[in-house]
Amino acid sequence: MAEAADFQGMTPSPARRRWRRTGALLAGAPLLAVLTLLGGSPGFASPRTPAADPIGTSTVDVAVNSLTPSAPGDGDTVTVTGTLTNDSKQAVTNAHVALRLGSVLGGRASIDNASRHAAGGAPDGREIGGKYAKKISKLDPGATQGFSLSVPVKELDLGADGVYQLGVALTGQTATQQYQQTLGIQRTFLPWQPEAADTKTKTTFLWPLISQTHLTAETGSDEQQTRVFHDDSLAKEIAPGGRLQQMLSLGTALDVTWVVDPDLLASVDAMTRPYKIKQPDGTEINGKNQTVAKQWLNDLKNAVADQKVVALPFADPDLASLAHNGTKVTGSLGHLKDATDAATTTVETVLHVKPDTSYAWPVDGAIDPSIVNVATSAGADKVIARSDSLQEPSGLPYTPSAARPIGSGTTAVVTDARLSEAFEGDMTKAENSTLAVQQFLAQSLTINLQEPDNERNIVVAPQRMPSASQAQSMAQAIKAEQDSSWSESESLAAATKADPDADATTRVPSSRSYPSYLRKQELPTSAFQAIQDTQTKLTNFQVILSDPSRVVTPFGRAMDRQMSTSWRGRPAEARAYRDDVADYLTALTKRVRLIDKSEAKLSGRSATIPVTVQNNLVQGVDHLVLRLTSTNGTRLKIGDGPYHEQPVKVAGGHSQSVKFTTNSNANGRVPVFAQLYTEDGQPYGPEVRFDVTVTEITPTVMLVMAGGVLLLVLAGFRMYTQRKRAAAQRTEEGPDDGPNGDPGSEPGEGDPEQPSDPTPETAPENTDASGTGERVDR
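What comes next concerns the included structure. (Residues numbered from 1 in each chain as written. Predicted model: local features only at pLDDT ≥ 70, side-chain atom pairs only at ≥ 80, totals over all residues. Heavy atoms only, no water.)

Describing helix α13 (residues 468-482)
1) Next: Over its 15 residues, α13 extends 21 Å from the first C-alpha to the last, a length consistent with the 21 Å expected when each residue adds 1.5 Å.
2) Next: Inspection of α13 places S469, Q470, A471, S473, M474, A475, A477, I478, A480 and E481 among the buried residues, and these make up the whole buried set.
3) Next: Taken together, the buried residues of α13 touch β9 (201-209), α5 (243-252), α12 (430-450) and β21 (487-489). (Helix = DSSP H or I, 4+ residues; strand = E, 2+ residues; numbered from the N terminus. Expected span 1.5 Å × (residues − 1). Buried < 20%, exposed > 50% of the residue type's maximum accessible area, 1.4 Å probe, protein only. Contact = heavy atoms within 4.5 Å.)

Here you go:
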């Protein structure tokens, strides 16, 4: 893209530069001919001519580790410190290190070009030598020596406002090149605007508090549902010196807009109470960082007490992955709506502030129509994009304001790519940090100088999870800019409401323009299918629970975490997390099951078959139906037909025996199936198969029984005749008292009948499969 934000007229046009190069070649032709006649060669001069010798700027590495003040004013003294390292095999002698001041750079592209050539090359600018230089008598091979240079601003003789190129150069000689030459140089930038600008640039800084996924879907069986963490890495981030502790501490001292992932708040909040840490072998240990978590949350509450907090959807879902791959799976967009609703609840509960959930932030601010559609589907009407995605037309001579209406009531907040990416490198080295800070300030001042009378609103959105060193560099740059004479801070809400530039682009790039490197990092369609499979299983599970919230909430948030942006570049870890969630849910559903049953035998036409349902959950289950089905309804009926259903309700940690009445019409073996169903007719768990063997009454048995009855009748008749004879005999002999004192009573007459009490039905204590040849109740 052509540079759209340079100063106009500062550099010659390409055509003019070509004419100049052509003229220079024509003018130099006679000289080249003379050199050829003399035996010389263009580009190579005599070794006795120092100016024509190769400049040894790679001999010594010059590192600029600090530059203060970053944006000096009148009366200040510029101090530059750093180190000199001799990378050659020869000693450097008779040397000195000094500042070199170059000319004003012409625009943002000039700053980009200068930063790419910050080290090496021919020396440029005038040297600020004399008493402001430092002599280096000798620098041995491999040796490192520090330096510090201080120069009053008035000695720099700075002219017009702008960004000056400032270099630190070492000039000296070696044993093979015994003449003064530049042996090492490092360039940086010096922003110069001593007086306050009439119209300052309003700048918004997003300060993200985002982390990777730490919580699992697992919870303890206690009333508090103790949470389980994958590891204790979050404690390191929020502990003193940790990344998130640094982000919080540094951000508190700055005028920034806080952008938080509610999942981080929920995770730290869970850590304030007893929690578990899952070990690689599957065991769990107690976490011990409650104090650290409480301190970090308390500090955050104080920091945002009177500020607006922008909350991303819970777990910061990957909007681009969802738009490009997730919409192919039915139900995926529903998770984004749930994540947005959970964001509001979480922030209000933990921080006691009402968050702004109207912003969506795709990865690296890269957008296309599908990403915008998905981002706004859950209620957001503002999309944080980046200027390398919504590129400006080449003719626009300045950097426009951030807010752009892109249709359908949606506003794109376009962040400045150069400023946003300034601190993505390795900031652990002081040299890198110093150069990044100076380049950031240089770009910021140049934006203001492009259209000094045109007030603009610029938004800076850094990487989502800056390291501690990156955060420190960012804070240094933001502090310097907020103290500068050309910029003032503004909230994200104010920048969004600002009037857009009429000439700024509002066209959302096509899907073909989406960066390929970002597309390669997206969650695949298979990931969203796995998430939806888990959701389906969760839906079937929760309907049977007496307290669904104990499962729905942790699993619902775990599925949000499966779509997190933090999985980019970590496909193996993302897959492992999805598998862990699915496996844990499967294990829970299996705790409500049918006990395996072995063969049952029926020795009559009707009997009762018991089937046992076991509930090993800590809560009760209800809304279940147990169906017992006969595969041969003619031979064996269950109830009044081939199958019968009964409702099931089992308390937590108990088993329940459900009895079915059966009727048999013929002998033989009949396979029977027991299956649990939810009330809406969905099968729950695997079915249990067992055989029922029917043994009907045979004619031989009937003959035996008839013979027995006949014998009983004959015996009764004989007893009757004997008693009649005895009575007649007593009549002849006279009355007599019986043995119980009652006349005429037989032994035992008048005693109440004592039938056996029926065996009560109880839930079986042994939940193992019943024994072979089990007989059922008749």
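Structure's up, so let's keep going.
Digging into helix α16 (residues 525-542)
1) Next: Taking 1.5 Å as the rise per residue, α16 with 18 residues should run 26 Å; its terminal C-alpha atoms sit 26 Å apart, in good agreement.
2) Next: What α16 keeps buried is the set A527, F528, I531, Q532, T534, Q535, L538 and F541.
3) Next: The elements touched by buried residues of α16 are α8 (319-324), α9 (332-351), α17 (549-562), α18 (571-589) and β30 (683-694).

With respect to the nonpolar core
1) Next: In this structure, F541, F555, L626 and V692 are the most contacted members of the largest nonpolar core, which totals 74 residues.
2) Next: Setting aside anything within four residues of it in sequence, one finds V692 in contact with A600, L602, I609, L636, G668, R669, V670 and V672.
3) Next: Residues I238, L244, V256 and V437 belong to the second largest nonpolar core, which totals 60 residues. (Core = buried A, V, L, I, M, F, W, Y, C linked by side-chain atoms within 4.5 Å.)

Some thoughts on the packing of aromatic side chains
1) Next: Here the structure, examined in full by the defined rule, presents six aromatic pairs.
2) Next: Between F205 and F440, the aromatic rings sit 6.4 Å apart at their centres with planes inclined by 35 degrees, giving tilted as the arrangement. Of this pair, F205 sits in strand β9 while F440 sits in helix α12, placing them 235 residues apart in sequence. Residue F205 shares its accessibility class with F440, and that shared class is buried.
3) Next: Just above the ring of Y359 sits the side chain of K382; from NZ or CZ to the centre is 5.3 Å.
4) Next: Across from the ring centre of F690, 5.7 Å away, lies the NZ or CZ of K597, which sits over that ring. (Phe/Tyr/Trp six-rings, centres within 6.5 Å; stacked < 30°, edge-to-face > 60°. Lys NZ or Arg CZ within 6 Å of the ring centre and 35° of its normal.)

A few points about a nonpolar patch on the surface
1) Next: Together, L710, L711 and L714 give the surface a local cluster of nonpolar side chains, amounting to about 330 Å² of exposed area.
2) Next: L710 gets classed as exposed once you look at its relative accessible area, which sits at 53%. (Patch = residues over 30% accessible without salt bridge, like charges linked within 9 Å, V, L, I, M, F, W, Y side chains within 5 Å. Areas by Shrake-Rupley, 256 points an atom, 1.4 Å probe, with all protein chains shown as cover. Salt bridge = Lys/Arg side-chain N within 4 Å of Asp/Glu carboxyl O.)

So, the environment of T506
1) Next: Secondary-structure assignment places T506 in the loop between α14 (492-497) and α15 (516-519).
2) Next: In sequence terms T506 and L390 are 116 residues apart; their C-alpha atoms lie 7.6 Å from each other.
3) Next: For T506, the residues in contact, after removing those within four places along its chain, are R404, P405 and I406.

Comments concerning unusual backbone geometry
1) Next: Note that the residue after T68, namely P69, is joined by a cis bond; omega there is -15 degrees.
2) Next: As for its placement among the helices and strands, P69 is situated in the loop between β1 (60-68) and β2 (77-86).
3) Next: Unlike most non-glycine residues, D316 shows phi in positive territory, near 50 degrees.
4) Next: With respect to the helices, strands and loops of the structure, D316 is situated in the loop between β15 (309-311) and α8.
5) Next: Notably, D364 is not glycine yet its phi reads approximately 55 degrees, a positive angle.
6) Next: Secondary-structure assignment places D364 in the loop between β16 (359-360) and α10 (369-375).
7) Next: Using a relative accessible area of 28% as the deciding quantity, one classes D364 as partly exposed.

Here we look at the environment of N302
1) Next: Structurally, N302 can be placed in helix α7 (residues 290-304).
2) Next: A relative accessible area of 54% means that N302 is categorised as exposed.
3) Next: With 50 residues separating them along the chain, N302 and T252 place their C-alpha atoms 8.9 Å apart.

Quick look at the pattern of salt bridges
1) Next: For the structure on display, the rule yields 25 salt bridges.
2) Next: Residue E218 pairs with K278 through a salt bridge whose shortest N-O separation is 2.7 Å. Of the two residues, E218 is situated in strand β10 (residues 215-219) and K278 in strand β13 (residues 275-278); the sequence distance between them amounts to 60 residues.
3) Next: Judged by relative accessible area, which is 14%, E218 ranks as buried.
4) Next: The shortest N-O distance in the salt bridge between E392 and R404 comes to 2.6 Å. With a gap of twelve residues between them, E392 in the loop between β17 (382-386) and β18 (403-407) and R404 in strand β18 connect regions that are remote in the sequence.

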